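Tertiary structure, described
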Amino acid sequence: MADGSALNRFDPYAARAQFPILSRTVNGKPLIYLDSAASAQKPRAVIDALTHAMEGSYANVHRGLHTLANETTDAFEAARETVARFLNAETPDQIVWTKGGTEAFNLVASGLGQSLQAGDQIIVSQMEHHANIVPWHMLRERLGVVLKWAPVRDDGSLDMEALAMLIGPRTRLVAVTHMSNVLGTVNDIRAIADLAHAAGALVLVDGCQGAVHCRPDVQALDCDFYIFTGHKLYGPTGIGGMYGKRAALEALPPYQGGGEMIATVTEDAVTYSGIPHRFEAGTPPILEAIGLGAALEWFMGFDRDAVAAHEMALYDHVVGRLADRDWLRIIGEAPGKGAILTFTVENTHAHDVAQILDRYGVAVRAGVHCAEPLSRRFGITSSARASFALYNTVEDADAFVDALIKAREFFV
Ligand SMILES: *Cc1c(COP(=O)(O)O)cnc(C)c1O
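Definitions and limits used
Residues numbered from 1 in each chain as written. Predicted model: local features only at pLDDT ≥ 70, side-chain atom pairs only at ≥ 80, totals over all residues. Heavy atoms only, no water. Axes fitted to C-alpha atoms, helices over the stretch in contact; angles between N-to-C directions. Helix = DSSP H or I, 4+ residues; strand = E, 2+ residues; numbered from the N terminus. Parallel < 35°, antiparallel > 145°, perpendicular 65-115°, else oblique. Left-handed = near helix turned anticlockwise from the far one by under 90°. Contact = heavy atoms within 4.5 Å. Domains from an automatic or database assignment. Buried area = accessible area lost by both parts, 1.4 Å probe. Salt bridge = Lys/Arg side-chain N within 4 Å of Asp/Glu carboxyl O. Polar contact = N/O pair within 3.5 Å; in protein donor to acceptor, adjacent residues only side chain to side chain. Pairing = 2+ DSSP bridges. Expected span 1.5 Å × (residues − 1). Buried < 20%, exposed > 50% of the residue type's maximum accessible area, 1.4 Å probe, protein only.

Quick word on the packing of helix α4 (residues 67-87) against helix α12 (residues 286-300)
It is the contact of α4 with α12, at a shortest axis distance of 8 Å, that shows an interaxial angle of 45 degrees. Put simply, α4 runs oblique to α12. For α4 against α12, the interelement crossing comes out left-handed. Facing α4, whose interface residues are Thr-72, Ala-75, Phe-76, Ala-79, Thr-82, Val-83, Arg-85 and Phe-86, α12 presents Ile-286, Ala-289, Ile-290, Gly-293, Leu-296, Glu-297, Phe-299 and Met-300.

The structure is reproduced here in structure tokens:
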């Protein structure tokens, strides 16, 4: 919930001014960008960091003995340190780079798959993104691992009692989202970790939204893995990764094979590097990592509690203005949720809603939002989603509501 004092510590207009793209128009109208849960826009600091890296100091990392190689390696590893500070990891070598959130789930699934057996159980929740479902389904198909589904209540909260009942002696992994990209629900990760660890299971957290809005402290959450993606954190595409507890990472076999991830290679044998490089075969996304480091340094320059309060104030403003519209159904109203508004409009397909809004310059997403089991749970085939970021203003919120009311009038 927004409290006034936190709101005073953040100026959305000053933040917004740092995003060049937000001054463009769409269909002759000022751009109102409410699709940040799918991908966030990039501030000048990130654009400049990428340009600077390409113009000023660039070479491949780790293997060079020349100045540019050393400078680029330093910048690349400094970005890893920035992520470690951002997540409060114990040490930077517990941060593994991947090309995005999805690849990190596949990395863990590939590694765990080498020791799981038929009948072992993986628990996920009904509110998971496909990235935190499909890799486990692939283990089910390949190994006969059993997927168990923790149910979501009508208000969009996770049913913690039911989750506790699912955890048992054959549970190997509990994989849940920190914050739902559809419902906005924020889960009590520490409580889930305590339950899972008591049964000897690992806990993997999908932090692709949580890293943006929930100010995660991986040590306080006590999770074994925490996955994030760069492009939702105001950074570039092509970069993401995960935090892992040291023991969890060291127990995980390598993922892809190639250069950089080995200690020695002979004709008969291979030995692997230590963490984190063991999981980073080949030339990594160097520029993208440097860009993400710049994004996080920039983001950490704000009072992130104040940013979250600002985003939630916009959400509350929109929901307040739409409160008496009985043609609108909001999906996800759990207490303590984040600033994601998913909704359906009576008798209207969400794709049509999104297309009409686009005529007014308003960008929202429509579909199942990569969470088909959740759509099914709520008995809908599609919904529209407006998601709020630090650069949105109350003018954006009002423009969205005005356009939505006009869209509704268009269809009745
Ligand atoms: C975006 C997202 C992902 C996947 O991240 P990619 O960057 O698309 O790989 C996974 N989980 C959640 C909750 C997300 O929002």
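Quick look at the domain arrangement of the chain
Split into domains, the chain comes out as domain 1 (4-30 + 304-411) and domain 2 (48-299). Computed over C-alpha atoms only, the centres of domain 1 and domain 2 are separated by 28 Å. Contact residues are listed per partner, giving 30 residues for domain 1 and 28 residues for domain 2. For the pair domain 1 and domain 2, the summed buried surface comes to about 2500 Å²; carbon and sulfur atoms form 59% of the total. Among the residues domain 1 hides against domain 2, the three largest losses belong to Arg-304, Leu-374 and Arg-377. Together they make up 28% of the total. Linking domain 1 with domain 2 are two salt bridges. Between Asp-154 and Arg-377 there is a salt bridge, with the nearest N and O atoms lying 2.7 Å from each other. Where domain 1 meets domain 2, there are 17 residue pairs in polar contact (both at pLDDT 80 or more). Looking at the side of domain 1 that touches domain 2, the elements with two or more residues in it are α13 (304-321), β14 (340-345) and α15 (372-377).

Some points on the sheet that holds strand β4 (residues 95-98)
With respect to topology, seven strands assemble into an open sheet ordered β4-β10-β9-β8-β7-β5-β6, the strand pairing being mixed. Each end of this open sheet is capped by a strand with a single partner; those strands are β4 and β6 (146-150). Taken over all neighbouring pairs, the strand axes of this sheet differ in orientation by 20 degrees on average, direction set aside.

Description of helix α16 (residues 394-411)
Over its 18 residues, α16 extends 26 Å from the first C-alpha to the last, a length consistent with the 26 Å expected when each residue adds 1.5 Å. Every buried residue of α16 is listed here: Asp-396, Ala-397, Phe-400, Val-401, Ala-403, Leu-404, Ile-405, Ala-407 and Arg-408.

Here we look at the side chain of Gln-209
Assignment of secondary structure puts Gln-209 in the loop between β8 (202-206) and α9 (210-213). Of the residues examined, Gln-209 reaches a relative accessible area of 3% and is grouped as buried. Polar contacts involving the side chain of Gln-209 include one to the main-chain carbonyl oxygen of Ala-37, which spans 3.0 Å. For Gln-209, the residues in contact, after removing those within four places along its chain, are Ala-37, Met-179, Ser-180, Asn-181, Lys-232 and Ile-340.

Brief notes about unusual backbone geometry
Ile-275 connects to Pro-276 through a cis peptide bond whose omega is 0 degrees. Within the chain, Asp-222 stands out as a residue other than glycine whose phi angle is a positive 60 degrees. Mapping Asp-222 onto the fold places it in the loop between α10 (218-221) and β9 (225-229). Not every positive phi belongs to a glycine, and Cys-370 is a case in point at roughly 55 degrees. For Cys-370, the location among the structural elements is in the loop between β16 (365-367) and α15. Taking relative accessible area as the criterion, Cys-370 reaches 38% and is therefore assigned partly exposed.

Describing the pattern of salt bridges
Summed over all chains, the structure comprises 24 salt bridges. As a salt-bridge pair, Asp-159 and Arg-153 come within 3.8 Å of each other at their nearest N and O atoms. The shortest N-O distance in the salt bridge between Arg-408 and Glu-346 comes to 3.4 Å. Of the two residues, Arg-408 sits in helix α16 while Glu-346 sits in the loop between β14 and α14 (350-359), which places them 62 residues apart along the sequence. Residue classification places Glu-346 among the partly exposed residues on the basis of a relative accessible area of 40%. What you see here is one network of salt bridges that share partners, running through Asp-35, Arg-365 and Arg-385.

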